[in-house]
Amino acid sequence: MNKPLILVVEDDPSIRNLITTTLRLHEYRFLTAASGSGAILEASSHNPDVVLLDLGLPDMDGVEVIQRIRTWSNMPIIVISARSDDTDKIEALDAGADDYLTKPFSVEELLARLRVTQRRLALMQEQSSPIFVNGELTIDLPAGCAYLSGEPLHLTPMEYKLLCLLARNVGKVLTHTYITQKVWGHSDDSDIASLRVFMATLRKKLEQGPGAPQYIQTHIGVGYRMLRVE
């Protein structure tokens, strides 16, 4: 089975070479682009499985590249950028990025992010089933019920709605704004404060005790991600 095809969008030759060398050593297939326009052309021509995208491109901002790709494709996009402020991460994630890796980064971290994305791709292909399974968590979507280790989870309607949203995007970081707009239809400070309360109660019901697996990961100042549990 072929490894995923990775589109590497990076204008710095040294970083581009580091990434492509790493991909080659681990038998990934890859394409490269050094500009935003080149990235859009390669993405539309070759339909890669994953895009590794720098934000500081010479002809356009990487956020615009994300927005352009999102008009016609849901291909996973992992941003790799020297911009480390939460506002930059949120802008990229709200535009449609799936994950955010800050420079400088380790080769091991890059490979780990790709493995997470591969698992998400595999899960997306499996999700034609109305039953979502992740570790000991099961969501029966037609019945509107959720179970943990075979026992019913007693969730409020809002907790269930949040759980389903995270499950449909397992492995992807969802920003506070994205979640509140999807759940409440708008986003303001009070919505985000309410979201934190609902997520805290949902996590307590999912992660019962210190030895229990972690299903929901908090990205402080940014949002939340449902982790894939083996």
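Residues numbered from 1 in each chain as written. Predicted model: local features only at pLDDT ≥ 70, side-chain atom pairs only at ≥ 80, totals over all residues. Heavy atoms only, no water.

J.: I tried to follow the sheet that holds strand β9 (residues 151-152) on my own but got confused; where do I start?
T.: Strand pairing in a sheet is mediated by backbone hydrogen bonds. Such pairs are either parallel or antiparallel. Judged by pairing direction, the sheet is antiparallel, and its 4 strands sit side by side in the order β6-β7-β8-β9 without closing on themselves. The open sheet has two edge strands, β6 (131-134) and β9, and neither has a second partner. Here 4 bridges tie β6 to strand β7 (residues 137-140), and the two strands are oriented antiparallel to one another. Looking across to β7, one finds that V133 is bridged to T138. (Pairing = 2+ DSSP bridges. Helix = DSSP H or I, 4+ residues; strand = E, 2+ residues; numbered from the N terminus.)

J.: How should I be thinking about the pattern of salt bridges in this particular structure?
T.: Pairs can form between side chains of opposite charge whenever their charged atoms are close. For the coordinates displayed, the defined rule picks out 11 salt bridges. The partner of R113 in a salt bridge is D99, with the nearest N and O atoms 3.1 Å apart. Residue R113 is located in helix α5 (residues 107-126), and its partner D99 is located in strand β5 (residues 99-102); the two are separated by 14 residues in the primary sequence. No difference in accessibility class separates R113 from D99, as the two residues are buried. With its nearest N and O atoms 2.9 Å apart, the salt bridge here joins R113 to E109. Separated by 4 residues within a single helix, R113 and E109 lie in helix α5, roughly one turn from each other. Owing to a relative accessible area of 19%, R113 belongs among the buried residues under this scheme. (Salt bridge = Lys/Arg side-chain N within 4 Å of Asp/Glu carboxyl O. Buried < 20%, exposed > 50% of the residue type's maximum accessible area, 1.4 Å probe, protein only.)

J.: What am I meant to see in the pairing of strand β4 (residues 77-81) here?
T.: Every regular strand shows the same layout, with side chains that alternate between the two sheet faces. Of all the 5 residues making up β4, 5 are buried; the element is thus mostly covered by neighbouring parts of the structure. Bridge analysis of strand β3 (residues 50-53) against β4 gives 3 bridges, and the strand direction is parallel. Of the residues in β4, the one forming a bridge with V51 is I77. One crossover worth recording links β3 to the parallel β4 by way of helix α3 (residues 62-70), and it is right-handed. Bridge count for β4 against β5 is 4 bridges, and the pairing is parallel. Directly across from V79, in β5, lies its bridge partner Y100. With helix α4 (residues 86-95) bridging β4 and its parallel neighbour β5, the resulting β-α-β unit is right-handed. (Right-handed = clockwise from strand over helix to strand, strands pointing away.)

Functional significance is not addressed by these values, which are geometric in nature.
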